[in-house]
Amino acid sequence: MLRSRITGTGSYVPEKVLSNSDLEKMVDTSDEWITERTGIKERRIAKNLQAASDLGIEASKRAMHSAGIKPKDIDLIIAATVTPDMPLPSTASLIQGRLGAKNAAAFDLNATCSGFLYGMAVADSFIKTKGFKKILLIGSEVLSRVTDWEDRTTCVLFGDGAGAVIIEPTGQNRGILSTHIHSDGNLWDLICLPGGGSRHPASKESLKDKLHYIKMKGNETFKVAVRTLESLVIDTLKANKIKPSQLALLIPHQANMRIIQATAKRLNLPMDKVVVNIDKYGNTSSASIPIALDEAVRTDKIRNGDYILLEAFGGGLTWASALIRW
Ligand code: ACO
């Protein structure tokens, strides 16, 4: 049976660190509040000249190196992002051009924080049904550009970064076992960035009203996220007839430590089987899972044959999961 498999991973985060104590000087907040409510201690901030494609290219080079492939080998590039360099062309096209991946098709995918796992679902089916051989899947975000640095309810949460994987076909009984994607657009206004699109194009008013920044109803989102993720992870394991005790690792989207802990508890998983890096990077939306996956691979947390569960929840609302046998 043809399956698709991750053959290389890479990630990149900007050098500049913004700590909770830095934020204490910017808004009315405290390290104690941020740590207790979110688990975040610091986040990375891109340089002024760095856009999503710049971060994505660095992560992609590392993923290609780890898979042992060259840009010309790639036949598809998917960039998951909510902070593209510009509305058009796609960030994936910009990455394709600059990598010299001349044989690749390229497009962006926006499913907010679930974007990387939506991208994995697309890549998996393109490999199984369309004959693609080497897909570069990227999650790259410069959320610091769409963050209102005067709004303490959101500015403590987000960070910048990128992660990437190479996905290839395999005839072995391993790789991506299943992907699961969902949405509920009726709850779109729990997390949104209203300005800059065709509904509220850039204008003096939209700038004055700060429509170009992420707005989030955090507490309502939190409750839906916990409930939704708990049933998502159980359903994903059931679909594969896998027991929670068989999981080697859970790699969750890094939005809030308390959400991560609630999901782990539902699965009865000890926290040493959960990849957590929210303390270092905050919420990097579509980049958070591929960064965490790359760190797990590079620190030898993953062995051949391991069952790994990935899950995410974000604006849309969207939520998604994937079960992988490494
Ligand atoms: N520092 C100090 N106090 C704060 C801060 C802050 N940075 N932010 C909010 N508060 C205050 C609030 O004003 C409120 O005060 P009040 O009680 O006097 O009104 C109090 O803290 C509690 O606020 P809540 O919003 O109820 O706090 P909560 O415990 O829910 O934590 C948080 C907020 C961290 C945002 C949490 O709700 C959360 O993580 N939500 C989910 C986020 C998520 O999963 N998003 C999806 C992905 S994001 C994407 O798709 C781009």
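Here's a quick rundown of the structure. The structure presented is a predicted model; accordingly, all values stated were derived computationally and were not measured.

### Points about the nonpolar core
Stage number 1. If you look at the biggest cluster of nonpolar residues, it comprises 33 residues, and the most contacted ones within it are Leu-117, Met-120, Ile-135, Ile-167 and Leu-310.
Stage number 2. Secondary structure elements with two or more residues in this core: β4 (76-80), α5 (115-130), β6 (135-142), β7 (160-170), β11 (247-252), α11 (288-298), β12 (307-314) and β13 (318-325).
Stage number 3. Take this core: its biggest share by element is 7 residues, from α5.
Stage number 4. Taken domain by domain, this core gets at least three of its residues from each of domain 1 (3-173) and domain 2 (177-325).
Stage number 5. Once you skip the residues sitting within four places of it in the chain, Ile-167 turns out to touch Ser-4, Arg-5, Ile-6, Met-120, Ala-123, Ile-127, Lys-133, Lys-134, Ile-135, Leu-137 and Ile-176.

### Let's talk about the packing of helix α3 (residues 52-67) against helix α4 (residues 91-99)
Stage number 1. Across the interface, α3 lies against α4 with an axial gap of 10 Å and an inter-helix angle of 55°. It follows that α3 is oblique to α4 by the angle criterion. The crossing of α3 and α4 is right-handed. On the side of α3, the interface is formed by Ala-52, Ser-53, Asp-54, Gly-56, Ile-57, Ser-60, Lys-61 and Met-64, while α4 contributes Thr-91, Leu-94, Ile-95, Arg-98 and Leu-99.

### Observations regarding the site of the ligand
Stage number 1. By nearness alone, 24 residues border the ligand, and Thr-29, Arg-37, Cys-113, Arg-152 and Asn-256 come closest of all.
Stage number 2. In this structure, Arg-152 approaches the ligand through a main-chain N or O atom, which is 2.8 Å from a nitrogen atom.
Stage number 3. In isolation the ligand exposes 1,000 Å². Once the protein is present, 75% of that is buried.
Stage number 4. Mapped onto the shell around the ligand, the elements with two or more residues apiece are α2 (31-38), α6 (152-155), α8 (218-239), α9 (257-266) and β12.
Stage number 5. Among the elements that line the shell around the ligand, the one with the most residues is α8, at 4 residues.
Stage number 6. Class assignment of the residues belonging to the shell around the ligand gives a composition of 10 nonpolar, 10 polar and 4 charged.
Stage number 7. Taken domain by domain, the shell around the ligand gets at least three of its residues from each of domain 1 (3-173) and domain 2 (177-325).

### Here's the deal with the sheet that holds β4
Stage number 1. The strand order across the open sheet formed by 5 strands is β1-β7-β6-β4-β5, and the pairing between neighbours is mixed. With partners counted over all chains shown, the strands left at the sheet margins are β1 (3-12) and β5 (105-109), one partner each. Each strand of the sheet is rotated relative to its neighbour by a mean of 20°, with strand direction disregarded.
Stage number 2. Pairing between β1 and β7: 9 bridges, direction antiparallel. Counted as the bridge partner of Ser-11 is Gly-163 from β7.
Stage number 3. Where α3 meets the sheet, it contacts β1, β6 and β7, and its direction lies at approximately 125° from that of β1.
Stage number 4. Against the sheet, α4 makes contact with β4, β5 and β6, and its axis sits at roughly 145° relative to β5, the strand it touches most.

### Overview of the pattern of salt bridges
Stage number 1. As enumerated under the stated definition, the model contains 12 salt bridges in all.
Stage number 2. Taking the shortest distance from any N to any O, the salt bridge between Asp-73 and Lys-72 comes out at 3.6 Å.
Stage number 3. A salt bridge links Glu-168 to Lys-134, with the nearest nitrogen and oxygen atoms 3.1 Å apart. Of this pair, Glu-168 sits in strand β7 while Lys-134 sits in the loop between α5 and β6; the two residues are 34 residues apart in sequence, bridging distant segments of the chain.

### Focus: unusual backbone geometry
Stage number 1. Geometrically, the link from Leu-88 to Pro-89 is a cis peptide bond, its omega value of 0° lying close to zero.
Stage number 2. Within the secondary structure layout, Pro-89 lies in the loop between β4 and α4.
Stage number 3. Of note, the amide linkage connecting Gly-316 to Leu-317 takes the cis form, showing an omega dihedral of -10°.
Stage number 4. In this fold, Leu-317 is placed in the loop between β12 and β13.

What counts and how
- Residues numbered from 1 in each chain as written.
- Predicted model: local features only at pLDDT ≥ 70, side-chain atom pairs only at ≥ 80, totals over all residues.
- Heavy atoms only, no water.
- Core = buried A, V, L, I, M, F, W, Y, C linked by side-chain atoms within 4.5 Å.
- Buried < 20%, exposed > 50% of the residue type's maximum accessible area, 1.4 Å probe, protein only.
- Helix = DSSP H or I, 4+ residues; strand = E, 2+ residues; numbered from the N terminus.
- Domains from an automatic or database assignment.
- Contact = heavy atoms within 4.5 Å.
- Axes fitted to C-alpha atoms, helices over the stretch in contact; angles between N-to-C directions.
- Parallel < 35°, antiparallel > 145°, perpendicular 65-115°, else oblique.
- Left-handed = near helix turned anticlockwise from the far one by under 90°.
- Near = heavy atom within 4 Å.
- Polar contact = N/O pair within 3.5 Å; in protein donor to acceptor, adjacent residues only side chain to side chain.
- Areas by Shrake-Rupley, 256 points an atom, 1.4 Å probe, with all protein chains shown as cover.
- Nonpolar A, V, L, I, M, F, W, Y, C, P; charged D, E, K, R; others polar.
- Pairing = 2+ DSSP bridges.
- Salt bridge = Lys/Arg side-chain N within 4 Å of Asp/Glu carboxyl O.

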